[in-house]
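Now for the letters of each chain:
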Amino acid sequence: MAEVAKNPAEITMTPIQEKLTPPWKEAWQSFYKNKLAVIGLGIVLFFIVIALVSPWIAPYSFKDQIMAERMQAPSSKHWFGTDDFGRDIFSRVLYGARISLWVGFFSVLGSVVVGTTLGIVAGYYGRFVDTLISRIFDIMLAFPSILLAIAVVAILGPSLQNALIAIAVINIPNFGRLVRSRVLSVKQEEYIMAAKAIGMKDARILLRHILPNSISPVIVQATLAIATAIIEAAALGFLGMGATAPTPEWGKMLADSKNYITNAPWTLFFPGMAIMLTVLGFNLMGDGLRDVLDPKMKQ
């Protein structure tokens, strides 16, 4: 007598099925095991929250000048002390998080969009297009990054927006070369050749197959590049080619306080610590993402 089929509700999962885990969940589990990466994520989230809520938690406006309270040491009234114009440093550091993160995120976003596009085109089409784009990247990489950024700002004029553009420009070759090398490998895969054989258009191949399989290293590089962008923005601000007064950009705050390092060290310490912690957070998180997304690191 034939065996009666089991009730669907009674069907249990096989051991193989039970072990299946969604890719995103597996990636998070691997990331969570890296304690330094989790610490980095916590630091980054802390500064993002600070940047979002700074207008509501800052005890003073970043541009309020109280000359009678200038150069005061940290106290219960001014937690981080005051600068040479009597401005509350704690409030300025909080507002500065918005500016530094804004510059970091959007400069890298611009670099990713332009660099990825050029890298995909160069790697996929090759020949003259690849040669032309690669030589442009080589020329840009021949200059020290900060020197090239200074040159761009000198042409456009000193301002925070132009500093953002300069930082985006100097990071384009990094993403372009990274994506190009990935595309050169991916386009040799059999599924890409099969897509070409059935007449699939180049645009569809690039968007549906090449780009998704080339995006992992870009995510890692972008995370690390945000840290670099924050440092470069601070460097341009320190040189007077970024944010202008009274904008509370951390690098500009360091530049304004460099003459008081001996008699008022708190004016430099707290903006410097903010830069250091933010950069540390993104670097730790980027290293953790690399361990998760890079197949070589998994092995």
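Residues numbered from 1 in each chain as written. Predicted model: local features only at pLDDT ≥ 70, side-chain atom pairs only at ≥ 80, totals over all residues. Heavy atoms only, no water.

A.B. asks: So what's going on with unusual backbone geometry? Which residues, and what values?
C.D. replies: Located in the positive-phi region is Met 71, a residue other than glycine, with phi close to 60°. Among the structural elements, Met 71 can be located in the loop between helix H3 (35-57) and helix H4 (89-125). (Helix = DSSP H or I, 4+ residues; strand = E, 2+ residues; numbered from the N terminus.)

A.B. asks: Give a detailed account of empty space enclosed by the protein, specifying residues and quantitative values.
C.D. replies: Enumeration over the complete set of coordinates arrives at one cavity of 30 Å³ or more. Around the largest cavity, the lining residues are Asp 83, Asp 84, Arg 87, Ile 89, Arg 92, Met 253, Asp 256, Ser 257 and Thr 267. At the level of elements, H4 and helix H11 (250-257) are the ones that each hand at least two residues to the lining of the largest cavity. Looking at which element gives the most residues to the lining of the largest cavity, the answer is H11, with three residues. Here the residues of the lining of the largest cavity sort into two nonpolar, two polar and five charged. (1 Å grid on protein atoms, 1.4 Å probe; cavity = no way out; pocket = protein on both sides within 12 Å on 5 of 7 lines; lining within 4 Å. Points joined across faces, edges and corners; volume = space filled by probe spheres on them. Nonpolar A, V, L, I, M, F, W, Y, C, P; charged D, E, K, R; others polar.)

A.B. asks: Go over the packing of aromatic side chains, please, and point to the residues and values.
C.D. replies: Within the structure shown, the criterion is met by 10 aromatic pairs. Ring geometry for Trp 102 against Phe 106: centres 6.3 Å apart, planes inclined by 50°, an arrangement best described as tilted. Linking Trp 102 with Phe 106, this pair stays in helix H4, spanning four residues, or about one helical turn. Ring plane angle 75° and centroid distance 6.0 Å describe the contact between Phe 105 and Phe 282, whose orientation is recorded as edge-to-face. In this pair, Phe 105 is assigned in helix H4 and Phe 282 in helix H12 (residues 266-293), connecting sequence segments 177 residues apart. On the accessibility criterion, Phe 105 (34% relative accessible area) is partly exposed. An aromatic cluster is present here, built from Trp 79, Phe 80, Phe 90, Phe 269 and Phe 270 joined pairwise through their rings. (Phe/Tyr/Trp six-rings, centres within 6.5 Å; stacked < 30°, edge-to-face > 60°. Buried < 20%, exposed > 50% of the residue type's maximum accessible area, 1.4 Å probe, protein only.)

A.B. asks: Residue-level account of helix H6 (residues 145-156), with values.
C.D. replies: Here H6 spans 17 Å end to end across 12 residues, near enough to the 16 Å set by a 1.5 Å rise per residue. Listed as buried for H6 are Leu 148, Ala 149, Val 152 and Val 153. Looking down the long axis of H6, one finds its buried residues gathered within 135° of arc, a one-sided arrangement. Relative to its buried face, H6 has exposed residues pointing more than 90 degrees away, namely Ala 154 and Ile 155. Buried positions along H6 lie against helix H5 (127-141), helix H7 (160-186) and helix H10 (215-238). Positive phi shows up at Gly 157, right after H6, with a value of about 110°. (Expected span 1.5 Å × (residues − 1). Arc of directions from axis to C-beta. Contact = heavy atoms within 4.5 Å.)

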